[in-house]
Amino acid sequence: MTGRGRPRRAKSPDTKSANSKTIPEEVSLQNGTAKERKPKAQKKEESPLQDRTTEHFIVEISRQQSATTDNKKAPVRCTKAKKKTEQTAEEIRKTQPETPEDPLKATKVKRCVGKKATSPEEAAEETTKTQPETPKDPLKSIKVKGCVGKARSPGHITETPKETPRACVPPVRCGDREHPVLHTTLENLKIKRDERSDAAEVVNKIVKAIVEHLKEKSQSFKEIEPPLRTGSYYENLKISNPDEFDVMLPVPVDRVNVAPFGDDGAFYSVELKRGKSPLEKFQKTGGTLSASEMLKEFRDEVKKSVKQFTEWEVTKKKKGCPAVTLLTKYLPIPISLDIVLSIVVQSSWPPFTKEGIKIDGWLGTKVKQQYKRLPYYLVPKYEGMGTVECDGVLAKDVWRVSFSHVEKLMLLNHGSEKTCCEREGERCCRKDCLKLLKHLLSLLKEEDSSLTKFCSYHVKTTLLHACCARTKDADWRASSLSRCFLLLLGDFVEHLERGVLLNFFIPTQNLLSGPGLKKCRSLAQRIEAERDNGFPIFK
DNA sequence: CCAGGCTAAACAAG
DNA sequence: CTTGTTTAGCCTGG
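Residues numbered from 1 in each chain as written. Chains lettered and ligands numbered in written order. Predicted model: local features only at pLDDT ≥ 70, side-chain atom pairs only at ≥ 80, totals over all residues. Heavy atoms only, no water.

**A look at the packing of aromatic side chains**
Point 1. All told, the structure shown has 12 aromatic pairs when counted by the stated rule.
Point 2. Taken together, a centroid distance of 5.6 Å and an interplanar angle of 55° make the contact between Phe 485 and Phe 535 tilted. On the criterion of sequence distance, the pair formed by Phe 485 in helix α12 (residues 481-498) and Phe 535 in the segment after α13 (517-532) is long-range, its members being 50 residues apart.
Point 3. What makes Phe 485 buried here is its relative accessible area of 0%.
Point 4. You can call Phe 535 buried: its relative accessible area is 0%. (Phe/Tyr/Trp six-rings, centres within 6.5 Å; stacked < 30°, edge-to-face > 60°. Helix = DSSP H or I, 4+ residues; strand = E, 2+ residues; numbered from the N terminus. Buried < 20%, exposed > 50% of the residue type's maximum accessible area, 1.4 Å probe, protein only.)

**What about the side chain of Asp 397?**
Point 1. With respect to the helices, strands and loops of the structure, Asp 397 is situated in the loop between β10 (393-394) and β11 (399-402).
Point 2. At a separation of 2.5 Å, a polar atom in the side chain of Asp 397 contacts the side chain of Ser 290.
Point 3. The residues contacting Asp 397, other than those within four sequence positions of it, are Lys 284, Thr 288, Leu 289, Ser 290, Ala 291 and Ser 292. (Polar contact = N/O pair within 3.5 Å; in protein donor to acceptor, adjacent residues only side chain to side chain. Contact = heavy atoms within 4.5 Å.)

**A closer look at the confidence of the model for chain A**
Point 1. When pLDDT is averaged along chain A, the result is 75, and 67% of the positions lie at 70 or above.
Point 2. Here residues 1-175 scores under 50 on pLDDT; set against residues more than four positions off or in separate chains, the count is 276 contacts. (pLDDT = per-residue confidence, 0-100.)

**Things to note about the nonpolar core**
Nonpolar side chains in soluble globular proteins tend to be buried together.
Point 1. Of all hydrophobic cores here, the largest spans 107 residues; its most connected members are Ile 339, Tyr 371 and Met 410.
Point 2. Among the elements that make up this core, the one with the highest residue count is helix α6 (residues 193-217) (9 residues).
Point 3. Not counting residues up to four positions away in its chain, the partners in contact with Met 410 are Ile 357, Ile 359, Trp 362, Leu 363, Tyr 371, Leu 464, Phe 504 and Phe 505.
Point 4. Among the nonpolar cores identified, the runner-up in size contains 8 residues, and Cys 321, Val 340, Tyr 377 and Val 379 belong to it. (Core = buried A, V, L, I, M, F, W, Y, C linked by side-chain atoms within 4.5 Å.)

**Quick word on the packing of helix α11 (residues 456-469) against α12**
Point 1. Packing of α11 against α12 brings their axes to within 10 Å, and their N-to-C directions diverge by 115°. Here α11 is positioned roughly perpendicular relative to α12, judged by the angle of their axes. The handedness of the crossing between α11 and α12 comes out as right-handed. Packed against α11, whose contacting residues are His 458, Val 459, Thr 462, Leu 463 and Ala 466, the element α12 presents Leu 488, Asp 491, Phe 492 and His 495 at the interface.
Point 2. Among the residues forming the contact of α11 with α12, the class breakdown is 5 nonpolar, 3 polar and 1 charged. (Axes fitted to C-alpha atoms, helices over the stretch in contact; angles between N-to-C directions. Parallel < 35°, antiparallel > 145°, perpendicular 65-115°, else oblique. Left-handed = near helix turned anticlockwise from the far one by under 90°. Nonpolar A, V, L, I, M, F, W, Y, C, P; charged D, E, K, R; others polar.)

**A look at unusual backbone geometry**
Point 1. Positive phi values are uncommon outside glycine, yet Ser 240 reaches one of about 70°.
Point 2. Its location among the elements puts Ser 240 in the loop between β1 (228-230) and β2 (244-252).
Point 3. Backbone geometry at Cys 421 places phi at a positive 70°, although glycine is not the residue there.
Point 4. Inspection of the secondary structure puts Cys 421 in the loop between α9 (404-412) and α10 (430-447).
Point 5. Take Cys 421: its relative accessible area is 23%, and that puts it in the partly exposed class.

Right, dumping it as structure tokens:
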């Protein structure tokens, strides 16, 4: 039915232009924060990110060639005919026989292009409504692509076609024959293109509206920088459903004094140095920039800006949580969107990061230096009771450091060779391993409510540490998925057994101190049971 | 501010 | 399996 030439998805032109092509806000971020760090002169060969190769010539030439050939086949556009998503609830709400359990799910007209009905619920949906509690949100990031010319080396010389299965098949060690279930599981975790498209449309629309409102209608937040799309969706790590989005809205500050709050280096109190700032009003008598007051007003402004969007609701405030969470249920897949207030600090990273981000062997020292020249972010997050006081500062007025922008950069550019996972390069399984482990954790959380304190950030951190331990792309060959996944699983279990998983950027912070050793060990046992039985939970 | 190019990933076909 | 197409996201240059 679905012929290749037929438009499987069509959108009305206005929708299109409004959402997909350009997100204008992006541009001003560059102007605002990034330009200084990314001098124009730093091109191609000169970029520190580039010089791990000696093939610049070939690379550059081949780039140009392929660009010109590509051009020819470009603009074959489909005709757009889709109804806008501005539909009201009633319009959208057609009965969805496939999923009777959810009355809000809907079948859309545009989807009727002969696609066979997908099964009720693929494999297992992850429902990563990850707990707000402890360290969920350090998953945000900035964009700032490392460098300009990506290498696509045609001369990428592979002495042997290594990935092809050998003629003689060793009994045990051959790739992942041991665990074919991992591959099918991964397959089921993929996000459907149409669902992604629908979700992106509604999310982009509301984010745009919020940003416009804050810039034009609010005093305190009129200087916000373009949204930083962070978290697993924007790292291409989202599994199962496009149902969770994280967007950080950064407020620039000129100069600030930042002082540790507590002893693990993750939380800070902030003082504005200069007078002139829209943020003055959030200062307490001691000069502290009050996270809670700023978040309160931010939340009010976000509420105002989504008021007219009846399909979105604002969820209740959660203690210590830096996000204003929006929900929409007017799509087959309900979406939660975290709008996270943050302040951008341009100066050098806190001293507590000194021993962190040990990526020298994996991504290289120059990449690390580049990352460390980026700003860092602070989000209005605290732990425990907001009334706890320390040096005259209340916990609810402190900020937690966030390096989500760097996390995103590392995950999108994760190879020790820069051609890793590119068309001409070797494919690796780092992200697949992470997806699988995330999935495993969320399945375990579904069946055991005592695991709420564990979250996908624990898994992500485990992967980052693993990448520093097994630094070469050859350690993560796509053909060795099972072995790599089992090693990663082993890492995770080790952390759990010891009850120690250090924040990748702030090694003085133990991310497992929240859950506690007892819960850690019980999770470790549960995971080992799955492993030793061939992952029945995936079946 | 926008148009256009590029990439990763999903998806379709051979 | 390989190859090509489509799409959202991202970046750049005008």
